[in-house]
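# A closer look at the structure
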Amino acid sequence: MDTVSEAPAEKADAVRVSRVLNHPVTSVWGALMAPHGAEALLGEGGELGSKGESWHAADGTYGVTRSFHPMEQIRFSWHADADAPATLVDVHLRPEGEQTDLEIVHDHLDEAADRDWLAAHWESALDRLDSMSI
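The structure contained in this document is the topic of the report that follows. Computed from a predicted structure; not experimentally measured.

### A closer look at the overall build of the protein chain
Each helix and strand counted, the protein chain has three helices and six strands in total. Beginning at the N terminus, the succession of helices and strands in the protein chain can be written as β-α-α-β-β-β-β-β-α. In the protein chain, once contacts between residues fewer than 6 apart in sequence are set aside, the share between residues at least 24 apart is 45%. As displayed, the protein chain offers around 7,500 Å² of accessible surface, 50% of which is attributable to carbon and sulfur atoms.

### Examining a negative patch on the surface
There is a patch of like negative charges on the surface, built from Glu39, Glu44, Glu47, Glu53 and Asp59. By the element assignment, Glu47 lies in the loop between helix H2 (35-42) and strand S2 (54-56).

### Observations regarding the pattern of salt bridges
On inspection of all chains with the given rule, the structure shows six salt bridges. Between Arg16 and Glu103 there is a salt bridge, and its shortest N-O distance comes to 3.1 Å. Taken as a pair, Arg16 in strand S1 (residues 15-21) and Glu103 in strand S6 (residues 99-107) lie far apart in primary sequence, 87 residues in all. For Glu123, the salt bridge is made with Arg19, and the minimal N-O distance between the two is 2.8 Å. Residue Glu123 is found in helix H3 (residues 115-131), and its partner Arg19 is found in strand S1; the two are separated by 104 residues along the sequence. Looking at Glu123, the relative accessible area reads 29%, which means it is partly exposed. Overlapping salt bridges bring together Arg16, Arg94, Asp101 and Glu103 as one network.

### Thoughts on the nonpolar core
Core analysis: the biggest nonpolar cluster contains 29 residues, and Leu41, Phe76, Val91, Leu93, Ile104 and Trp122 have the highest contact counts within it. If you list the elements that add at least two residues to this core, you get S1, helix H1 (25-33), H2, strand S4 (73-78), strand S5 (87-96), S6 and H3. With five residues, H3 is the largest single contributor of residues to this core. Ignoring any residue separated from it by four or fewer positions in sequence, one finds Leu41 in contact with Leu32, Leu48, Phe76, Val91, Ile104, His121, Trp122, Ala125 and Arg128.

Here is what the cut-offs are and how they apply
Every chain's residues receive numbers from 1 upward, in the order its sequence appears when written. The predicted nature of this model means local features are confined to residues of pLDDT at least 70 and side-chain atom pairs, given and counted, to a pLDDT of 80 or more, with totals for whole chains, interfaces and linings taken over all residues. Here the side-chain values reflect all heavy atoms present in the structure, with hydrogen atoms and water set aside. Elements are defined by DSSP. Helices are runs of H or I of four residues or more, strands are runs of E of two residues or more, and each kind is numbered from the N terminus. What makes two residues a contact is simply this: any of their non-hydrogen atoms within 4.5 Å. In these tables, accessible area is a Shrake-Rupley quantity obtained with a 1.4 Å probe, and a residue counts as shielded only by the protein chains included in the view. Patch construction takes residues with relative accessible area above 30% that form no salt bridge. Like charges are linked within 9 Å, and nonpolar side chains (Val, Leu, Ile, Met, Phe, Trp, Tyr) are linked within 5 Å. Every case where a carboxyl oxygen of Asp or Glu lies within 4 Å of a side-chain nitrogen of Lys or Arg is listed as a salt bridge. Only four residue types enter the tally: Lys and Arg on the positive side, Asp and Glu on the negative side, with His and both chain ends excluded. Charge placement uses NZ in Lys and CZ in Arg. For Asp and Glu, CG and CD serve respectively. To sort residues, take the accessible area from a 1.4 Å probe on protein chains only and compare it with the maximum for the residue type: under 20% means buried, over 50% means exposed, and anything in between is partly exposed. The definition of a nonpolar core used throughout is a set of buried Ala, Val, Leu, Ile, Met, Phe, Trp, Tyr and Cys residues joined through side-chain atoms within 4.5 Å.

What follows is the structure in structure tokens.
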């Protein structure tokens, strides 16, 4: 009798995307802390700050920075709109020589969350960051 083993499933309440960017960690972090880089990640008007600082983007998304570790990680709450539940977005940066491994984990998603849309949303953010002259 054949048995089929499956790889462990991704955490059901999270979306995870990652990319190696062609920029060093110091440049990527600097861009994320500047308006142009924060907007590439969060959308127009979005600005990341230190722990406890709130952000708002023109598309209605908003949140608060929950964890702030320069050059390594920033975590922020993310609300799709005023009626949406709070979720968490964790951004990790790891040096890969002169490049940066950037991982985004969007966590604490409820059953109704459109995981495919969120994955595409964060992949687009990575595209914007990767294409920047930073």
